[in-house]
Amino acid sequence: MITRRDLLKKFVKTATGVMIPLAAFEIIDPKKLFADKPFKTDEAKVRWVFLVDTYKCVGCGLCVKACKTENEIPYDANVTRTWVERYVVTKNGNIYADTPKGARDGFTTNRIDLGMGKKQDIKKEDIKKAFFVPKLCNQCDNPSCVQVCPVGATYQAPDGVVLVDRKWCIGCGYCIMACPYGVRFFHPKYHVAEKCNFCYHRINKGMKTACVGACPFGARMIGNIKDPGDPVTKILMTERVGVLKEEYGTKPQVYYIGLDKEVR
Amino acid sequence: MKSHVFRPLLVVIGLVVIVLIARFFYVPSDFGSHEKGYMYGWHRKGNEDEWKAFKVKYQFNNEYCKDCHSDKYETLARSPHAVINCENCHGPAMEHPSDPAKLKIDKSREQCLRCHYPLPYPTSGRANIRGVDPEKHNPGVECSMCHNPHKPNLRGMK
């Protein structure tokens, strides 16, 4: 037999349980949703994009060093907002890729780091082609990381840069799993999602990002695609450029010159 | 109207009201869907300014160093290292020269080997930089013992 007291207790528990998420709902007018998106986005005067010329990259890793210092990413922790990958394709068709410490100290050995402490020696004669590919957040037009955030802690700023609100992030890690490019990680100190934000504090003061400033060879460029006179825009309009993992439909905004099919 | 249904219902309504009030105070007023719409722009607007206010550390402008270190500036500008920014070897200098000692000089061999380790990669920019094998090329001593980092030209070495 269920007592009156028990019944009341159970009822209160279930009802509150159901009501708490209900209370969090906001009634949104569908008209507002439709009106919100495309129109306002197109009005923006700035849309930051990035251009990487892989032919120019020498793999020195000065960009990674500068990024970690500028953005206060603990220097010795094995996480970084930007990194450089080395690809070595041998004549017999094998593809090797590595990025020891994200190339913070460059590549100071010929041996490829296969992970788990294994290294691969590759003879000079066996190399068909080899090159470096710097990577960073693609600041996608359709960022999958933002779509999955349950609390509105990561979002797209009006100028297209995807930011993380450190105060709001609950550290669930959905965005880290959702990013097809693997650019997100947990900040070792703040324990919230962390990612490249095109040095938001620098580009908004008219400076270049730290990685662009550090690169001696001009392999990295940042620009505003809404400005037809911008050097990056000019290159994007006239030269052949590619993006990473186009098939995911995220519309990445980091463009590459000299991308190869081996690059993942 | 005394019914066993109404009393728990009142309790439930009370709880909902409490949650709503708590939410009202907890969620800042600038939280909502902004320029990028509900799908991508649902956030706390103030966070944009928080990021903009993040501290800048690197100048990345050699012109800034020109006035006080004109000798270094001039020599570097005419050397094969002209493309390298001072701060790549000397660290962030936003606060320099108010505290000159804080600027460290990276004399490590690793700093030079980033670019000068011999990697035989003809299809990359690395092919244009001469490499030296660190195990054979005067191991154990700093490169700047023999080479002037600001003027590495082999002819007229320091």
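No experiment lies behind these values; they were computed from the predicted model shown.

S.K.: How would you summarise the interface of chain B and chain A if you had to cite specific residues and measurements?
M.R.: Counting residues at the interface gives 60 residues for chain B and 81 residues for chain A. A combined buried area of about 6,100 Å² lies between chain B and chain A, and 62% of that area is made up of carbon and sulfur atoms. Scanning the region where chain B abuts chain A turns up five salt bridges. The salt bridge involving Arg44(B) is made with Asp165(A); its shortest N-O contact spans 2.8 Å. Elements with a minimum of two residues in the side of chain B that touches chain A: helix H1 (6–26), strand E1 (31–33), helix H2 (37–40), strand E2 (42–44), helix H3 (46–52) and helix H7 (109–116) of chain B. For the side of chain B that touches chain A, the element with the most residues is H1(B), which contributes ten residues. Partitioned by chemical class, the residues of the side of chain B that touches chain A number 32 nonpolar, 14 polar and 14 charged.

S.K.: Which residues make up the pairing of strand E2 (residues 83–90) of chain A, and what values go with them?
M.R.: Residue and element names in this part refer to chain A. Judged by how many residues are buried, E2 sits mostly within the fold: eight of eight residues are covered. Residues Trp83, Glu85, Tyr87 and Val89 of E2 are buried on one face, and the alternating residues Val84, Arg86, Val88 and Thr90, pointing to the opposite face, are buried as well. Summarising the sheet, E2 and strand E6 (residues 127–135) pair through eight bridges and their orientation is antiparallel. Looking at E6, one finds that Trp83 is bridged to Lys135. Sheet topology places E2 next to strand E3 (residues 95–98); four bridges connect them, and they run antiparallel. Of the residues in E3, the one forming a bridge with Val89 is Ile95.

S.K.: Explain the packing of aromatic side chains to me, and be specific about the residues and the numbers.
M.R.: Applying the stated criterion across every chain, the model contains eleven aromatic pairs over all chains. Pairing Trp168(A) with Phe31(B) gives two aromatic rings, centres 5.2 Å apart and planes at 40 degrees, and the pair type is tilted. In this pair, Trp168(A) sits in the loop between strand E8 (162–164) and helix H5 (174–178) while Phe31(B) sits in strand E1, so the two residues belong to two different chains. An aromatic cluster is defined as three or more aromatic residues linked by ring pairs; in this entry it consists of Trp168(A), Tyr26(B), Phe31(B), Tyr38(B) and Trp42(B).

S.K.: Provide a residue-level description of a positive patch on the surface, including the pertinent values.
M.R.: On the surface, Arg5(A), Lys9(A), Lys10(A) and Lys13(A) cluster together into a positively charged patch. Looking at the element boundaries, Lys9(A) is found in helix H1 (residues 4–24).

S.K.: How would you explain the sheet that holds strand E1 (residues 48–53) of chain A if you had to name every residue and give the values?
M.R.: All names here are of chain A. Within the open sheet, the three strands sit side by side as E11-E1-E12. Their pairing is mixed. Strand pairing shows two members of the sheet lacking a second neighbour, strand E11 (220–224) and strand E12 (254–257), which therefore form its edges. Taken over all neighbouring pairs, the strand axes of this sheet differ in orientation by 25 degrees on average, direction set aside. Direction of pairing for E1 relative to E11: antiparallel, over a ladder of five bridges. Across the sheet, residue Phe50 finds its bridge partner in E11, namely Ile222. Seen against the sheet, helix H8 (residues 231–238) touches E1, E11 and E12 and runs at an angle of roughly 95 degrees to E11.

S.K.: Any details on H7(B)? Residues and values, ideally.
M.R.: Within H7(B), burial applies to Arg109(B), Gln111(B), Leu113(B), Arg114(B) and Cys115(B). The secondary structure elements touched by the buried residues of H7(B) are helix H3 (62–70) of chain A together with helix H6 (86–90) of chain B.

S.K.: Can you lay out the nonpolar core for me, pointing to particular residues and giving the numbers?
M.R.: If you look at the biggest cluster of nonpolar residues, it comprises 49 residues, and the most contacted ones within it are Phe50(A), Val84(A), Val88(A), Leu136(A), Phe198(A) and Tyr121(B). Within the residue set of this core, elements represented by two or more residues are E1, H3, E2, E6, helix H6 (200–203), helix H7 (210–214) and E12 of chain A. For this core, the leading source of residues is E6(A), giving five residues. Apart from residues no more than four positions distant in its own chain, Phe50(A) is found in contact with Leu136(A), Phe198(A), Thr209(A), Cys211(A), Val212(A), Arg220(A), Met221(A), Ile222(A), Gln253(A), Val254(A) and Tyr255(A). By size, the runner-up hydrophobic cluster in this structure holds 14 residues, among which are Val164(A), Trp168(A), Ile176(A) and Phe31(B).

S.K.: Summarise the sheet that holds E3(A); cite the residues concerned and give the values.
M.R.: All names here are of chain A. Here we have three strands laid out as an open sheet, ordered E3-E2-E6, and antiparallel in their pairing. The open sheet terminates on both sides in strands that have one partner only, identified here as E3 and E6. Taken over all neighbouring pairs, the strand axes of this sheet differ in orientation by 15 degrees on average, direction set aside.

S.K.: Quick one: what's the story with the side chain of Glu194(A), residue by residue and with numbers?
M.R.: Tracing the backbone through its elements, the reader meets Glu194(A) in strand E10 (residues 193–194). Judged by its relative accessible area of 2%, Glu194(A) is buried.

About the criteria used
Residues numbered from 1 in each chain as written. Chains lettered and ligands numbered in written order. Predicted model: local features only at pLDDT ≥ 70, side-chain atom pairs only at ≥ 80, totals over all residues. Heavy atoms only, no water. Contact = heavy atoms within 4.5 Å. Buried area = accessible area lost by both parts, 1.4 Å probe. Salt bridge = Lys/Arg side-chain N within 4 Å of Asp/Glu carboxyl O. Helix = DSSP H or I, 4+ residues; strand = E, 2+ residues; numbered from the N terminus. Nonpolar A, V, L, I, M, F, W, Y, C, P; charged D, E, K, R; others polar. Buried < 20%, exposed > 50% of the residue type's maximum accessible area, 1.4 Å probe, protein only. Pairing = 2+ DSSP bridges. Phe/Tyr/Trp six-rings, centres within 6.5 Å; stacked < 30°, edge-to-face > 60°. Patch = residues over 30% accessible without salt bridge, like charges linked within 9 Å, V, L, I, M, F, W, Y side chains within 5 Å. Areas by Shrake-Rupley, 256 points an atom, 1.4 Å probe, with all protein chains shown as cover. Lys, Arg positive; Asp, Glu negative; His and termini not counted. Charge placed at Lys NZ, Arg CZ, Asp CG, Glu CD. Axes fitted to C-alpha atoms, helices over the stretch in contact; angles between N-to-C directions. Core = buried A, V, L, I, M, F, W, Y, C linked by side-chain atoms within 4.5 Å.

Function cannot be inferred from these measures alone, as they are strictly geometric.
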